[in-house]
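Take a look at the letters that make up each chain.
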Amino acid sequence: MGPKGATRIDPRLALALAAAKGSGVAIRALGKGGGTAAPGLIADRIDPQLLAKITARLPLGSVVVAGTNGKTTTSRMIADVLEAQGWRVAHNRSGSNLVRGVASALAEQSSVLGTPRAEIGVIESDEAALPEIVRQVRPRVLVLNNLFRDQLDRYGELASIATKWRAALAMMDADTTLVVNGDDPTLAELATHAPGRVAMFGMTDRNPRHLLTALPHAVDATTCRACGAPLAYDALYSAHLGAWRCPACGKARPVLDYEGRELTLHGVEAAEVLVHRTAPADDLRISLQIPGMYNAYNALAATAATSELGIDGAVITGALASFRSAFGRIERVEIEGRTLVLALVKNPVGFNETLRMLSGNGEDLSTPTMIAINDRFADGRDVSWLWDVDFELLANGQAPLFTTGVRGADMANRLKYAGIAVERIHPLPEAPDAAITAFVAALPTGATGYVLPTYTAMLDLREALTSRGAVESFWRQ
Amino acid sequence: MHLTICWLYPTSMNIYGDRGNVLALERRAQWRGIDVTTIGAGIGEPLPEDVDLFFIGGGQDGEQVAVAHDLQGAKSEAIRRAVDDGAVLLAICGGYQLLGHEYRPHDAAPLPGIGLVDLVTVAGPERFIGNVVVESEFGTLVGFENHSGLTTLGPGVKPLGTVSVGRGNNGIDGFEGVRHRNVVGCYLHGSLLPKNPVLADWLITKALERRYGAVTLAPLDDAFEHEAHASATARAVATR
């Protein structure tokens, strides 16, 4: 591997790049999706070290972001901050986050000889792909957001992902900074194996309206990583994230370098968090135009990562204030005089957070809501996870609930067993076109409806909406 | 009438939405005016008295080892006595494996089961992952399997049914699960009971009959359950 920034002619790399670029354009021209993964496959056959070679030529290095939830949003936030700083950023922005997808995205943003047009890389990594991405990219900053139960048929147990991440940490260079969520007990333990600097972030706001009173059903890591005793929480913010401690051995959440102090959540509209930085001992008031506790965590991670890169506080707050959400995370769509608010749901923890946000922490859900559940590979083929989501939160509300998707019938049945009156549950046809038509017809003119789809259900619904001129294709963002 | 459910290891053995099975038992009893008490019994905690119905789900490998050791001795004796006396037991996935003599991993000492049923599980070379359809005495059952353990029933031991879609106990003999007294063990997640209400009602009936004599449960409107069952079965046929 050559020195950073140097450009030497590498025939294998050049051929791989030509393949990546050529087929990327060709696939998009054929209208088959965004063309984000297939060119990477071809390029990978020609030069398996493509990603390592391109990222080695980034003069300011790379930031890698991993986590079960929030990695797309967090990496986009980081990229926006770095661009606001005036740096050119190479980024797998479409969310294609396996090794080949990352290589493909970065190849597109490089010259035919493999010189990136950017100065710094921001790379979102799939959980299972993290060791290989760390091995090739040698990141300057690695951000670990959280580790939740997700798609067990694809990823296996939580413990096996934690083992993979430990392997990734073992491959890090001593000058890599690990930015890690100290509120996650599993990650706090993993961080003790990091060879270099560790920067911890977490929440310290104690406003009772932001706290959970009990661990949700979807939670895995509630025992002490050191001694096995059940953990206690002085404050629990989301899933198993919080100010944790072990009553048996005394281990506790580490001292935080970036504290989320004052949190304000404005429904489905916005959120604010005051981030205290221990060095240089100042406070950044972060105002987000995206909602929810989980986005406050994402902003905290992005603030920590960019602070570690030496970015000025004013640049961080400015870029985050104008940040817009990533594909499907929260989007508004106008259709036939109604407003649809779309929010992607992909695992129990994310689903619980969305339900908390929509229902005002379980007080009431008053907006008609359609839930679309598919069981294709990208969704997770096993729909058992729906039984770990706390739909019981919706039992107090009055809003009608609509179900659709390949496994819409499972979803309707789940709502029934959550104690929701069957009169409120309206199964719609499985086909996305028919479901959208029926849901829009059920909304009065001028009204808002929430739409909560799994990943491929989101793609299906977007296509149905696009055909009516309601939304743009996501890879054009 | 009153039904006491003991949920064995509710935090350790609850990886694939197994809570749905407990919810289905509770709701379907309550909808018929039956009082339900559910008591969790975790590692190091004593078993409650007078249990009508035990439930144990599946867990991560590490958790399953801890649970296997916790079950040894007095706890497995108490469960055996209750089952011999007619108590009902539903065991899913890892919990199902623990009903047998032992689980033999690739590279570690065998993990002892409670020996309640004559079956043995051996770590296999591949993971069976996908939708499953089983023909059983309770009609067609549908669920999702995700296991690498290969379970073989002893001579004369009755399976829960035969697989028409999916791999089942071991991918060879075509059997899925086990039936023994009022015990049902199987690999089916889904959760199993909410979309297989016939089995859920059979478990509730058997649990009540031990205490109250012959019981006939009032019929329920199961339109949502039947729709979930039908669409999952169609999906299973289409995907495997």
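**Brief notes about the overall build of chain A**
And then number 1: What chain A contains, in helices and strands, is 15 helices and 17 strands.
And then number 2: Within chain A, buried positions represent 61% of all 477 residues.
And then number 3: Summarising the internal contacts of chain A: among those between residues at least 6 apart in sequence, 71% fall at separations of at least 24.
And then number 4: When the accessible surface of chain A is split by element, carbon and sulfur atoms take 54% of a total near 17000 Å².

**Some points on the pattern of salt bridges**
Residue and element names in this part refer to chain B.
And then number 1: Across all of its chains, the model carries 40 salt bridges over all chains by this definition.
And then number 2: As a salt-bridge pair, D85 and R210 come within 3.0 Å of each other at their nearest N and O atoms. Of this pair, D85 sits in the loop between α3 (74–84) and β4 (88–92) while R210 sits in helix α5 (residues 197–212), and the two are 125 residues apart along the sequence.
And then number 3: Assessed through its relative accessible area of 30%, R210 is described here as partly exposed.

**Quick notes on helix α14 (residues 432–442) of chain A**
And then number 1: Regarding α14 of chain A, the residues found buried are A435, I436, F439 and V440 of chain A. Angularly, the buried residues of α14 of chain A cover 125° about the axis, an arc narrow enough to put them on a single face.

**Here we look at the environment of E308 of chain A**
Residue and element names in this part refer to chain A.
And then number 1: With respect to the secondary-structure elements, E308 resides in helix α10 (residues 293–308).
And then number 2: The spatial distance from the C-alpha of E308 to the C-alpha of W244 is 25 Å, given a sequence separation of 64 residues.
And then number 3: Setting aside its immediate chain neighbours within four residues, E308 contacts T177, V179, R197, A199 and Y258.

**Thoughts on the side chain of T367 of chain A**
And then number 1: Locating T367 of chain A in the fold gives a position in the loop between α12 (348–358) and β14 (369–372).
And then number 2: If sequence neighbours within four positions are ignored, T367 of chain A has contacts with A399, T448, G449 and Y450 of chain A.

**Brief notes about the sheet that holds strand β3 (residues 120–124) of chain A**
Two orientations exist for strands paired in a sheet by backbone hydrogen bonds: parallel and antiparallel.
Residue and element names in this part refer to chain A.
And then number 1: Pairing is mixed in the open sheet, where nine strands are placed in the order β2-β3-β1-β4-β5-β6-β9-β10-β11. Each having just a single partner strand, β2 (89–91) and β11 (282–288) make up the two edges of the open sheet. Neighbour to neighbour, the strand axes of the sheet diverge by 15° on average, direction disregarded.
And then number 2: In this structure, β2 lies alongside β3, joined through three bridges in parallel fashion. Residue pairing for β3: V89 is matched across the bridge by I120.
And then number 3: Contacts between helix α4 (residues 71–84) and the sheet are confined to β1 (62–66), β2, β3, β4 (141–144) and β11, with β3 contributing the most and set at about 165° to the helix.
And then number 4: Lying on the sheet, helix α11 (residues 313–321) is in contact with β10 (270–277) and β11; it crosses β11 at an angle near 15°.

**A closer look at unusual backbone geometry**
And then number 1: Here the residue pair A279 of chain A and P280 of chain A is connected by a cis peptide bond, since its omega of 15° sits within 30 degrees of zero.
And then number 2: With respect to the secondary-structure elements, P280 of chain A resides in the loop between β10 and β11.
And then number 3: Cis geometry is found at the peptide bond from G190 of chain B to S191 of chain B, where omega equals -10°.
And then number 4: The phi dihedral of R138 of chain A falls on the positive side, at around 50°, and the residue is not glycine.
And then number 5: When you line up the elements, R138 of chain A lands in the loop between α6 (130–137) and β4.
And then number 6: The phi torsion at C93 of chain B lies on the positive side, around 55°, for a residue other than glycine.
And then number 7: Looking at the secondary structure, you find C93 of chain B in the loop between β4 and α4 (94–98).
And then number 8: Judged by relative accessible area, which is 7%, C93 of chain B ranks as buried.

**Here we look at the packing of aromatic side chains**
And then number 1: According to the stated counting rule, one finds eight aromatic pairs over all chains in the structure shown.
And then number 2: Taking 5.1 Å as the distance between ring centres and 50° as the angle between the ring planes, the aromatic pair formed by Y417 of chain A and W31 of chain B counts as tilted. You can see Y417 of chain A sitting in helix α13 (residues 408–417) and its partner W31 of chain B sitting in the loop between α1 (19–30) and β2 (35–41), one on each of two chains.
And then number 3: What makes W31 of chain B partly exposed here is its relative accessible area of 37%.
And then number 4: An angle of 55° between the planes, with centres 6.4 Å apart, marks the rings of W7 of chain B and F55 of chain B as tilted. Placement of W7 of chain B in strand β1 (residues 2–8) and of F55 of chain B in strand β3 (residues 53–56) is noted, with a sequence separation of 48 residues between them.
And then number 5: Three or more aromatic residues joined by ring pairs form one cluster here, namely F351, W385 and F391 of chain A.

**Comments concerning the state of the cysteines**
Residues and elements named next belong to chain B.
And then number 1: Summed over all chains, the structure comprises zero disulfides over all chains.
And then number 2: Note on C6: no disulfide assigned, nearest cysteine sulfur contributed by C186 at a separation of 18 Å.
And then number 3: On the basis of relative accessible area, C6 is assigned to the buried category, the value being 0%.

**Here's the deal with the interface of chain A and chain B**
And then number 1: Taken together, the contact between chain A and chain B spans 32 residues of the former and 32 residues of the latter.
And then number 2: The junction of chain A with chain B conceals about 2800 Å² of combined surface from both sides, 50% of it contributed by carbon and sulfur atoms.
And then number 3: Where chain A touches chain B, the interface holds five salt bridges.
And then number 4: The shortest N-O distance in the salt bridge between R19 of chain B and D390 of chain A comes to 3.6 Å.
And then number 5: Where the side of chain A that touches chain B is concerned, the elements lending two or more residues are α7 (152–155), α8 (158–170), α13 and β16 (425–427) of chain A.
And then number 6: For the side of chain A that touches chain B, the element with the most residues is α13 of chain A, which contributes seven residues.

**A word on the confidence of the model for chain A**
Residue and element names in this part refer to chain A.
And then number 1: In this model, chain A carries an average pLDDT of 87, and 90% of its residues clear a pLDDT of 70 or more.
And then number 2: Here residues 29–35 scores under 50 on pLDDT; set against residues more than four positions off or in separate chains, the count is nine contacts.
And then number 3: Long-range and interchain partners of residues 473–477, a stretch whose pLDDT sits below 50, account for twelve contacts in this model, where long-range means more than four residues apart.

**A short note on the domain arrangement of chain A**
Residue and element names in this part refer to chain A.
And then number 1: Domain parsing of chain A yields domain 1 (48–321) and domain 2 (331–468).
And then number 2: Averaged C-alpha coordinates put domain 1 and domain 2 at centres separated by 28 Å.
And then number 3: The interface is formed by 26 residues belonging to domain 1 together with 22 residues belonging to domain 2.
And then number 4: Across the contact surface, domain 1 and domain 2 share one salt bridge.
And then number 5: One salt bridge in this structure joins R332 and E269, with 3.2 Å as the shortest N-O distance.
And then number 6: Here domain 1 and domain 2 share seven residue pairs in polar contact (both at pLDDT 80 or more) between them.
And then number 7: Taken together, the elements giving at least two residues each to the side of domain 1 that touches domain 2 come down to α7, β7 (232–238) and α10.
And then number 8: Its residues assigned to classes, the side of domain 1 that touches domain 2 comprises eleven nonpolar, eight polar and seven charged.

**Some words on the sheet that holds β2 of chain B**
All names here are of chain B.
And then number 1: Taken in spatial order, the six strands of this open sheet run β2-β1-β3-β4-β12-β11, and their pairing is mixed. Among the strands making up the open sheet, the edge pair consists of β2 and β11 (178–180). Geometrically, the sheet is characterised by an average inter-axis angle of 15° between neighbouring strands, direction not taken into account.
And then number 2: Sheet topology places β3 next to β4; four bridges connect them, and they run parallel. From the neighbouring strand, L53 faces β4, where its bridge partner is V88.
And then number 3: The sheet strands contacting α5 are β1, β3, β4, β11 and β12 (183–186), and the helix crosses β1 at an angle near 115°.

Cut-offs and rules
- Residues numbered from 1 in each chain as written.
- Chains lettered and ligands numbered in written order.
- Predicted model: local features only at pLDDT ≥ 70, side-chain atom pairs only at ≥ 80, totals over all residues.
- Heavy atoms only, no water.
- Helix = DSSP H or I, 4+ residues; strand = E, 2+ residues; numbered from the N terminus.
- Buried < 20%, exposed > 50% of the residue type's maximum accessible area, 1.4 Å probe, protein only.
- Contact = heavy atoms within 4.5 Å.
- Areas by Shrake-Rupley, 256 points an atom, 1.4 Å probe, with all protein chains shown as cover.
- Salt bridge = Lys/Arg side-chain N within 4 Å of Asp/Glu carboxyl O.
- Arc of directions from axis to C-beta.
- Pairing = 2+ DSSP bridges.
- Axes fitted to C-alpha atoms, helices over the stretch in contact; angles between N-to-C directions.
- Phe/Tyr/Trp six-rings, centres within 6.5 Å; stacked < 30°, edge-to-face > 60°.
- Disulfide = S-S within 2.5 Å.
- Buried area = accessible area lost by both parts, 1.4 Å probe.
- pLDDT = per-residue confidence, 0-100.
- Domains from an automatic or database assignment.
- Polar contact = N/O pair within 3.5 Å; in protein donor to acceptor, adjacent residues only side chain to side chain.
- Nonpolar A, V, L, I, M, F, W, Y, C, P; charged D, E, K, R; others polar.

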